[in-house]
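What follows is each chain in one-letter form.
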Amino acid sequence: MPMSQEEVFEKVRETLVEALGVDDDEVTAEATLTGDLGAESIDFLDIVFRLEKAFNIKIPRGELFPDNILNNPEFVQDGKLTDAGLSELKQRMPHADFSDFEQDPDINKMAELFKVQTIINYVMTKVNG
Amino acid sequence: MRWIWIDRFIEFVPGRRAVAIKNISLAEEHVHDHWPAYPMHPASLMIEGMAQTAGILVGQARDFKEKVILAKITRAEFDGVALPGDQLTFQATVENLAAEAASTSGVVLKNGEPFGRVDLMFSHIDQNMAGMKFPEENFVFTGQFERLVAPLLEQDDG
């Protein structure tokens, strides 16, 4: 039976509360993982591990949180993603909302793509195919 | 002084589970200052005890080739204090073991009774996503930790 958005959200919330030690009500769909919820690099891996268990899914490395973008000179110039970089990232993160980020693809703002909603979208595609 | 906060492994199932004990003694210098009127084993060193138990478990799973570094204390809760004369038992279980990191859950017993919970994450730092380079020599597993677990592994071989 397909999972509803609410069911996924509830489990994602539990996952983030456990992984990041935040309160339930801090985990809103629009909250950013690093900015609002204080996640650091190792936490992203912790979140991946916990999601795999909670939803009984396999998350290949780099699929939920893409790697090897920022260290590719073709994708980054003067602290911003190039057109090639942006289109690569969009292709690899169909679960993220780029509407704000693509206005100003400053790499320091890239973390804002990682919202709770981003995780929900990703998990929805995994559990519901 | 050696930075080892467990005395002995009593169980070791490679890649899955390890149990170590630590006897707290009034002869240990660290309790004298913590605190002079009421010596107790610091909580931070109980976390270290679990980190060593779980870290060796994670390290052995990759034949001590990875540099296993404590990256995150996901949870650390203790129900009271541990005093000289108490025996702590660290029960560590591998929850996840991936190329770049591992997570473990752990229960601490005091004199055989549940007393604390410590969940940890370890990074295999040579596999870090930022591509940072570290010295080739394995500065984590220099021999002292491997020797602790060797008797149990030999026992299994026999």
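Coordinates for the structure precede this section.
Throughout this description, residue numbers start from 1 for each chain and increase along the sequence as written. Written order decides the labels, with chains lettered from A and ligands numbered from 1. Note on the predicted model: pLDDT of at least 70 is required for a residue's local features to be given, and 80 or more for side-chain atom pairs to be given and counted; whole-chain, interface and lining totals, by contrast, use all residues.

**Describing the interface of chain A and chain B**
Inclusion rule: Here, residue contact means that the backbone-derived C-beta atoms of the two residues sit within 7 Å. Any residue that is not Ala, Val, Leu, Ile, Met, Phe, Trp, Tyr, Cys, Pro, Asp, Glu, Lys or Arg is counted as polar, Gly included; the first ten are nonpolar and the last four charged.
In this complex, chain A contributes 6 residues to the contact, which on the side of chain B involves 11 residues. Across the side of chain A that touches chain B, the residue classes break down as 3 nonpolar, 1 polar and 2 charged.

**Some points on the packing of helix 1 (residues 5-20) of chain A against helix 2 (residues 41-55) of chain A**
All names here are of chain A. Short version of the rule: Simply put, an axis is a line fit to the C-alpha atoms, just over the touching stretch for a helix, and the angle between two N-to-C directions goes from 0 to 180 degrees. Every helix listed is a DSSP run of H or I at least four residues long, and every strand listed is a run of E at least two residues long, numbered separately from the N terminus. Any angle between 65 and 115 degrees counts as roughly perpendicular, while under 35 counts as roughly parallel, over 145 as roughly antiparallel, and the rest as oblique. A clockwise turn of the near helix away from the far one marks a right-handed crossing, whereas an anticlockwise turn of less than a right angle marks a left-handed crossing.
Viewed as axis vectors pointing N to C, helix 1 and helix 2 meet at an angle of 140°, and their least axial separation amounts to 10 Å. Comparing the axis directions of helix 1 and helix 2 gives the class oblique. When you trace helix 1 past helix 2, the crossing you get is right-handed. Within the contact between the two elements, helix 1 uses K11, T15, L16, E18, A19 and L20 and helix 2 uses D43, D46, I47, R50, L51, A54 and F55.

**Here we look at the environment of A:P94**
For A:P94, the location among the structural elements is in the loop between helix 3 (83-92) and helix 4 (116-128). Sequence-wise, A:P94 and A:T118 are 24 residues apart; in three dimensions their C-alpha atoms are separated by 9.1 Å.

**Describing the pairing of strand 6 (residues 113-124) of chain B**
All names here are of chain B. Quick note on the threshold: Neighbour counting defines burial: a residue surrounded by 20 or more other C-beta atoms within 10 Å of its own C-beta is buried, one with 12 or fewer is exposed, and intermediate counts give partly exposed, using backbone-placed C-beta atoms. For two strands to be treated as a pair, DSSP must find at least two bridges joining them.
The buried fraction of strand 6 amounts to 9 of the 12 residues, a majority that puts the element mostly inside the structure. With 9 bridges connecting them, strand 3 (residues 68-78) and strand 6 associate as antiparallel partners. Each residue of the ladder has a partner; that of A76, found in strand 6, is V118. Note: strand 5 (residues 101-110) against strand 6, 8 bridges, orientation antiparallel. Its bridge partner lying in strand 6, V107 is registered against R117.

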